[in-house]
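# Close look at the chain arrangement
These are the residues of each chain, in order.
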Amino acid sequence: MKILDGVHLIGSGNTGLGISNDYDCHIYLLDGGNEMAIIDAGGGRETGRILENAKNDGIDIKKITRVFLSHSHSDHAAGAKNMLDLLDAEILAPSGETKIIETADEKALGLDVARGEGRFYPPDYIFPPCPVDVKLEHEDRFQIGEYEIQAISVPGHTLDTMCFYTEVDDEHYGKKRVLFSSDVVFFQGLISLLNCQGSSLSAYREGIKNLRGLNIDTLLPGHFTFCINGGQAQIDQALAAFKEMSVPPCAF
Ligand SMILES: [Zn+2]
């Protein structure tokens, strides 16, 4: 579904709109005209449904040249191998988590604690390892047709979670500063600090400072509600919470 001119939501599981497999995070598509990019690959159980949603929005999936992974968690990256097989696109992933994605290291993925009866992932859940074409570094920039997208590393949720920043000009809503914030910050300033390998409160406290002063309008997180306007106010709630002595409120 179209969120803004050039920005579509093409996948979302049971922590969102339920338009694709339950285990998918929000999956966004940036349509730069002659080139397009997907932000996050979903959980990999029904990748075809995600691409069908894109087609339903009038997207020519042959123009998708890049799949950006925000981090290695299964609901964001386990679908990367299927995307690689189904699309003529390269896979880009945070340099700090490339090895985890390429080897499907279950401990580093947190799958050893997240999978099982009554847990986040069912007992038969697997993460297909996927080769990564481009290792993303903080502030790397890429041209996607008419749009530029910039990687912003925010360690804390995982070792090297990347947010992605872009600017679009919507015919109805006007110019928007857009942040794909992954699992770093959600609506109302919630964060996701996990009790598993890779997640770190001290890294989060420092990393989230990279989102200060960006004047974000449109906040597009990896789960739950998103907003067209007022995005920086959500981020600023998280920044303020990190200044307290207690742990900020967590979405997960
Ligand atoms: Zn995550």
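Description of the structure in this document. Quantities reported herein were computed from a predicted structural model and do not represent experimental measurements. (Residues numbered from 1 in each chain as written. Predicted model: local features only at pLDDT ≥ 70, side-chain atom pairs only at ≥ 80, totals over all residues.)

The mixed open sheet is built from seven strands, whose spatial order is 1-2-3-4-5-6-7. Only two strands of the sheet have a single partner each, and these edge strands are strand 1 (2–4) and strand 7 (134–136). On average, each strand axis in the sheet is inclined to that of its neighbour by 25°, with strand direction left out of account. Against the sheet, helix 1 (residues 47–56) contacts strand 2 (7–11) and strand 3 (27–31), and its axis sits at roughly 145° relative to strand 2. (Pairing = 2+ DSSP bridges. Helix = DSSP H or I, 4+ residues; strand = E, 2+ residues; numbered from the N terminus. Axes fitted to C-alpha atoms, helices over the stretch in contact; angles between N-to-C directions. Contact = placed C-beta atoms within 7 Å.)

Non-glycine residue Asp40 carries a positive phi angle of around 75°. Mapping Asp40 onto the fold places it in the loop between strand 4 (36–39) and helix 1. A residue is classified by how many C-beta atoms lie within 10 Å of it, and Asp40, with 29 of them, is buried. Here the phi dihedral of Ala104 falls at roughly 50°; this positive angle occurs in a residue that is not glycine. Looking at the secondary structure, you find Ala104 in the loop between helix 4 (98–103) and helix 5 (106–109). (Buried ≥ 20, exposed ≤ 12 C-beta atoms within 10 Å, placed from the backbone.)

Let us look at the sheet that holds strand 8 (residues 141–144). As summarised here, the arrangement of the five strands in space is 8-9-10-11-12, forming an open sheet in which the pairing is mixed. Each edge of the open sheet is held by one strand with a lone partner, namely strand 8 and strand 12 (218–221). Pairs of neighbouring strands in the sheet enclose a mean axial angle of 25°, with direction left out of account.

Glancing now at helix 1. Burial in helix 1 covers these residues: Thr47, Ile50, Leu51, Asn53 and Ala54. Seen end-on, helix 1 carries its buried residues on one side only, within an arc spanning 150°. Exposed side chains of helix 1 directed beyond 90 degrees from the buried face belong to Gly48, Lys55 and Asn56. Contacts made by the buried residues of helix 1 are with strand 2, strand 3 and helix 3 (80–86). The first or second residue beyond helix 1 is Gly58, which carries a positive phi of 85°. (Arc of directions from axis to C-beta.)

We now examine the pairing of strand 10 (residues 162–170). Relative to strand 10, strand 9 (residues 147–153) runs antiparallel, the two sharing four bridges. Along strand 10, the bridge assignment pairs Ala151 with Phe164. Relative to strand 11 (residues 174–182), strand 10 is paired through seven bridges, and the arrangement is antiparallel. Residue pairing for strand 11: Tyr165 is matched across the bridge by Leu179. Linking strand 10 to strand 11, which pair antiparallel, is a turn of three residues.

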